Amino acid sequence: MLADLFQEEDAARHMARQLMSIANRSREAAAKERPALLEFLQGPMERHMQYEERSLFPKLEDRGLGPEVDVAKKHHIAIRELREALEKAAGDEEVAQLVFDVARLMLHHTNFEGDYIYPELDADDWRELLEETIH
Ligand SMILES: [Fe+2]
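This is a predicted model, so every value here is computed, not measured. (Residues numbered from 1 in each chain as written. Predicted model: local features only at pLDDT ≥ 70, side-chain atom pairs only at ≥ 80, totals over all residues.)

Enquirer: An account of the nonpolar core is needed here, citing residue identities and associated values.
Expert: For soluble globular proteins, nonpolar side chains are generally found buried alongside one another. Among the nonpolar cores identified, the biggest contains 20 residues, and Leu19, Ala30, Val99 and Val102 are the most heavily contacted of them. For this core, the secondary structure elements donating two or more residues are helix H1 (2-25), helix H2 (27-32), helix H3 (34-62), helix H4 (66-88) and helix H5 (92-117). In terms of residues, this core owes the most to one element, H5, which gives 7 residues. Ignoring anything within four residues of it in the chain, the contact list for Val102 reads Ile79, Leu82, Arg83 and Leu86. Leu56, Phe57, Val69 and Leu129 belong to the second-largest nonpolar core, a separate cluster that totals 5 residues. (Core = buried A, V, L, I, M, F, W, Y, C linked by C-beta atoms within 7 Å. Buried ≥ 20, exposed ≤ 12 C-beta atoms within 10 Å, placed from the backbone. Helix = DSSP H or I, 4+ residues; strand = E, 2+ residues; numbered from the N terminus. Contact = placed C-beta atoms within 7 Å.)

Enquirer: Please set out the environment of Ala36 residue by residue, giving values where relevant.
Expert: Counting through the fold element by element, Ala36 comes out in helix H3. Taking the number of C-beta atoms within 10 Å as the measure of exposure, Ala36 has 11 and is therefore exposed.

Enquirer: I'd love a proper account of H4, names of residues and values included.
Expert: For H4, spanning 23 residues, the distance from its first C-alpha to its last is 33 Å, which sits close to the expected 33 Å at 1.5 Å a residue. Buried within H4 are the following residues: Val69, Ala72, Ile79 and Leu82. The secondary structure elements touched by the buried residues of H4 are H3 and H5. (Expected span 1.5 Å × (residues − 1).)

Enquirer: Mind laying out the confidence of the model for the protein chain, listing which residues take part and the relevant values?
Expert: Scored by pLDDT, the protein chain comes out at a mean of 88, with 92% of its residues at no less than 70. When the elements of the protein chain are averaged for pLDDT, helix H6 (residues 123-134) gives the smallest value, 76, and H4 the largest, 96. (pLDDT = per-residue confidence, 0-100.)

Enquirer: Describe the packing of H4 against H5, and please don't skip the residues or the numbers.
Expert: Following both chains from N to C, one finds H4 and H5 inclined at 160 degrees, their axes separated by 10 Å at the closest point. On the basis of their axis angle, the class for H4 and H5 is roughly antiparallel. When the axes of H4 and H5 are compared, the crossing they make is left-handed. Here Glu68, Val71, Ala72, His75, Ala78, Ile79, Leu82, Arg83, Ala85 and Leu86 of H4 lie close against H5, whose contacting residues are Val95, Leu98, Asp101, Val102, Leu105, Met106, His109, Phe112, Glu113, Tyr116 and Ile117. A per-class count over the contact of H4 with H5 returns 15 nonpolar, 2 polar and 4 charged. (Axes fitted to C-alpha atoms, helices over the stretch in contact; angles between N-to-C directions. Parallel < 35°, antiparallel > 145°, perpendicular 65-115°, else oblique. Left-handed = near helix turned anticlockwise from the far one by under 90°. Nonpolar A, V, L, I, M, F, W, Y, C, P; charged D, E, K, R; others polar.)

So, in structure tokens, the structure goes:
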């Protein structure tokens, strides 16, 4: 289970890096990635964030990690704002910029949680997080 979740994290990091490099190379190519990226943000990423907010963050706040949780919550708000902007964006230029911005923020957020949040989880927390994210 833990290995699965780490693989998911690695996959998310890999995807974010790929998207950033595509956006740097070609605006048209980045714009073509929008549907798949939106599907990911609306599905697995949204479920992951909701589970963290509902079940994990309160536990971590109880364990004295309020400041770290506040940072992670701000990332979630910003990721959703970028998602909404990406849903509405028109034109390859704007879409490519938003693809880059949301990918960079996902990478940053994943690294932040990996460094400051996930080390505090116990085995049950991990199992629930994984189940909620993929189902
Ligand atoms: Fe998160």
